[in-house]
Amino acid sequence: MPMILEVKNLITKFYTLDGVVNAVNGVSFDLEEGELLAIVGESGSGKSVTMMSLLGLIPSPPGKVESGEALFSGLDGQQDLLKLSPQELRNVRGGQIGFVFQDPISTLNPIMTIGEQISETLTRHKGMTREEARGQALQLLAQVGIPDPELRYKSYPFQFSGGMRQRVVIAIAIACTPQMIIADEQTTALDVTVQAQIVELFKRLRELLNVAVIWITHDLGVVAGIADRVLVMYGGRPAEIALVDDLYERPQHPYTVGLLGALPRLDAEESKRLVSIKGTPPDSLIPLQHCPFAWRCQFAFERCWEEIPPLIAVGDQHQTACFYDMEKGEARDG
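Analysis parameters
- Residues numbered from 1 in each chain as written.
- Predicted model: local features only at pLDDT ≥ 70, side-chain atom pairs only at ≥ 80, totals over all residues.
- Heavy atoms only, no water.
- Pairing = 2+ DSSP bridges.
- Helix = DSSP H or I, 4+ residues; strand = E, 2+ residues; numbered from the N terminus.
- Axes fitted to C-alpha atoms, helices over the stretch in contact; angles between N-to-C directions.
- Contact = heavy atoms within 4.5 Å.
- Salt bridge = Lys/Arg side-chain N within 4 Å of Asp/Glu carboxyl O.
- Buried < 20%, exposed > 50% of the residue type's maximum accessible area, 1.4 Å probe, protein only.

Draft legend 1. Just the sheet that holds strand 8 (residues 212-217), in detail. Strand order in the open sheet made by the 8 strands is 6-7-8-3-9-10-12-11, with mixed pairing throughout. Of all strands in the sheet, those with a lone pairing partner are strand 6 (97-100) and strand 11 (312-315), marking the two edges. Ignoring which end each strand starts from, the neighbouring axes of this sheet average 20° apart. In the sheet, strand 6 pairs with strand 7 (residues 180-184) via 4 bridges, with the strands oriented parallel. Residue pairing across strands places Val100 opposite Ala183, the latter belonging to strand 7. Along the sheet face, helix 7 (residues 162-174) touches strand 6 and strand 7 and points at about 170° away from the line of strand 6. Contacts from helix 11 (residues 254-261) reach strand 3 (36-40), strand 9 (229-234) and strand 10 (237-243), with the element oriented near 105° to strand 9.

Written out as structure tokens, the structure is:
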């Protein structure tokens, strides 16, 4: 499939009073048309900052995208998102790339009706009249599963539940039929029943619109039933990239093994204690000079403290940033 997004060596830092925060430390990945790529990692691993860097959403100061490329193949041909002007990025955001933020209550304007907020996107990017935008907004509300769109069109965000607000934000993101959607921690603040509904909604919309999706989450349990590929991040860097089934069957990075071991299994034949990854994430104020996971890794050896491991191919569409061969139980050659 053609690539819709290619990110190369993205580096983002925050210049604070306490020092320079090394938030994103050389992230590279790609996204195919119609693919769903899940980006997984604990809080502070750089997932959201990576995506916000691509769309010019990092507050500056203190944030700054130091280097990298983000080649997006949109309606205007291939463009480097990191080189676009603020006005050009505003045209891409919402129109060609939808962004569904983690917290819908802070995303939606509390003094505008739901219908006005969806219509605003359509008039801004599609040039629709107010009446045309209203008709399209009603269709979008029905499409994301909100009952009685005519009534809900006039409602305000505070009159909606968390799950309903999330559906409204999704409706805004898909309003202009974008080529790509970035969904940031969509299911974090929702109960498990609503989580399942949102996941099913994304599955249906993805098939209907043939849109590529980047799904940011810390929950590998959600990823299994929705993703095509998974990018595991740690310390602002990719730790492992693989097809979703391959990642679950043969994880090749100790951090991924730890994440999977922390998942409760309903299909397990016998009960066993969940894995706890000892230690804490690396201090982002200290520039990386070795493997960021070395402090917490039971397999770390001398080389891990001397070099930053690059992504190494360990199979078809499977890469890991680890000097230790998990299958052989020994250090890798070369």
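Draft legend 2. Focus on the pairing of strand 5 (residues 77-80). The sheet contact formed by strand 4 (residues 63-74) and strand 5 spans 4 bridges and is antiparallel. Looking at strand 5, one finds that Ser73 is bridged to Gln78. What sits between the antiparallel neighbours strand 4 and strand 5 is a turn of 2 residues.

Draft legend 3. A look at the pattern of salt bridges. Throughout the structure, instances matching the rule amount to 11 salt bridges. Ionic pairing is found between Glu200 and Lys203, a salt bridge with its closest N-O pair at 3.4 Å. With Glu200 and Lys203 both in helix 8 (residues 192-209) and 3 residues apart, this pair spans about one turn of that helix. Exposure remark for Lys203: the relative accessible area of 28% places this residue in the partly exposed category. A salt bridge links Glu327 to Arg250; the nearest nitrogen and oxygen atoms lie 3.0 Å apart.

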